[in-house]
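# Commentary on secondary and tertiary structure
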Amino acid sequence: QMKDTVVRGYTPETKVIVKPPYFNKPCISSNFFPPIGYRMPTFINRWDDEWVNSLNKGATLVNVTFTNFDHSDECETSVPIRFNTNDKRNNHFDYTSSFQSVTFDTLKFMDGLTSDVNGVGDIVITDVDGSSNPLGTSSLFGSFVSTKTRLTSFVDNCISYPQGISYCKDACYRTVSF
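Residues numbered from 1 in each chain as written. Predicted model: local features only at pLDDT ≥ 70, side-chain atom pairs only at ≥ 80, totals over all residues. Heavy atoms only, no water.

Of the strand pairs in this sheet, strand E3 (residues 60-67) and strand E5 (residues 97-105) are connected by seven bridges, and their pairing is parallel. Bridging from a neighbouring strand, Thr65 pairs with Thr103 of E5. Sheet topology note: the E5/strand E7 (residues 124-127) ladder contains three bridges and is parallel. In the strand pairing of E7, Ser98 is matched with Thr126. (Pairing = 2+ DSSP bridges. Helix = DSSP H or I, 4+ residues; strand = E, 2+ residues; numbered from the N terminus.)

Printed below as a string of structure tokens:
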């Protein structure tokens, strides 16, 4: 669980402080990668292990703000949330996750395109109180989903955003794994 946190990318001040000749240049020098706020797993490790079931539920983000991820320079590939498809299982997202009062003070929020290219094209994250809607309009609840017809066609309130993610207002999805 991530709670009561501000996750920051590179601020303009940070870029000034960590530049040559004293440090390597952010986002292009060795070991200075464009920032990723949170690399979310894409699968639950084990469903059949009773002693870990209480901890084996995916991510819960509560009162989290992502900021400073919009860049038009060498850090333009930074993103608040990217999905870790290196550990995918069956090309399916089953990391049952929820947001509550999660805000994005940035134009970007999740990188669903890279996830889709790497074989996980069915992301579903529940916004339990509707407060994470990128338009800022509150509803009772909503869901972030991959921008795929199979996930958005049966809901009237889905708005597609860049980077392969849609927000579906007043829609509560469920993840089913076979």
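What the rule picks out here adds up to three salt bridges. We note a salt bridge from Lys15 to Asp73, for which the minimum N-O separation is 2.5 Å. A residue pair is termed long-range when its members are at least 10 positions apart, and Lys15 in helix H1 (residues 12-17) and Asp73 in the loop between E3 and strand E4 (79-84) qualify at 58 residues. Given the relative accessible area of 18%, Lys15 is considered buried. The residue Arg82 makes a salt bridge to Asp111 at a minimum N-O spacing of 3.0 Å. Taken together, the residues Arg82 in strand E4 and Asp111 in strand E6 (residues 110-111) connect sequence positions 29 residues apart. Comparing Arg82 with Asp111 shows no difference in burial state: the two are buried. (Salt bridge = Lys/Arg side-chain N within 4 Å of Asp/Glu carboxyl O. Buried < 20%, exposed > 50% of the residue type's maximum accessible area, 1.4 Å probe, protein only.)

What follows concerns the nonpolar core. Nonpolar side chains in soluble globular proteins generally cluster together in the buried interior. Within the largest apolar cluster, 26 residues are counted, with the highest numbers of intra-cluster contacts made by Met40, Phe66, Phe99 and Met110. Those elements giving two or more residues to this core turn out to be strand E1 (2-8), strand E2 (36-41), E3, E4, E5 and strand E10 (165-169). With near-sequence residues (within four places) excluded, Phe66 lies in contact with Val7, Gly37, Tyr38, Leu61, Pro80, Ile81, Val102, Thr103, Phe104, Asp105 and Thr106. Counting seven residues, the second largest nonpolar core, distinct from the first, contains Val145, Leu151, Ala171 and Tyr173. (Core = buried A, V, L, I, M, F, W, Y, C linked by side-chain atoms within 4.5 Å. Contact = heavy atoms within 4.5 Å.)

The next point concerns the sheet that holds E3. Here seven strands make up an open sheet; going across it, the order is E1-E3-E5-E7-E8-E10-E9 and the pairing mixed. At either end of the open sheet lies a strand with only one pairing partner, and these are E1 and strand E9 (158-161). The average undirected angle you get between the axes of adjacent strands in this sheet is 30 degrees. (Axes fitted to C-alpha atoms, helices over the stretch in contact; angles between N-to-C directions.)

So, about the state of the cysteines. In total, this model carries two disulfides according to the counting rule given. The disulfide that involves Cys27 links it to Cys75, with 1.9 Å between the sulfurs. Taking the torsion about the S-S bond as the criterion, the Cys27 to Cys75 disulfide, at about 105 degrees, is right-handed. Highlighted residues: Cys27 in the loop between H1 and E2 and Cys75 in the loop between E3 and E4, separated in sequence by 48 residues. Just as Cys27 is buried, Cys75 falls in that class too. Residue pairing for Cys158: its cysteine sulfur links by disulfide to Cys168, the two sulfurs lying 1.9 Å apart. Because the torsion about its S-S bond is 105 degrees, the bridge between Cys158 and Cys168 counts as right-handed. Separated by ten residues along the polypeptide, Cys158 in strand E9 and Cys168 in strand E10 bring together distant segments of the chain. According to the relative accessible area criterion, Cys168 is buried, its value standing at 0%. Of note for the chain: the bonded cysteines, numbered N- to C-terminal, pair according to 1-2, 3-4. (Disulfide = S-S within 2.5 Å.)

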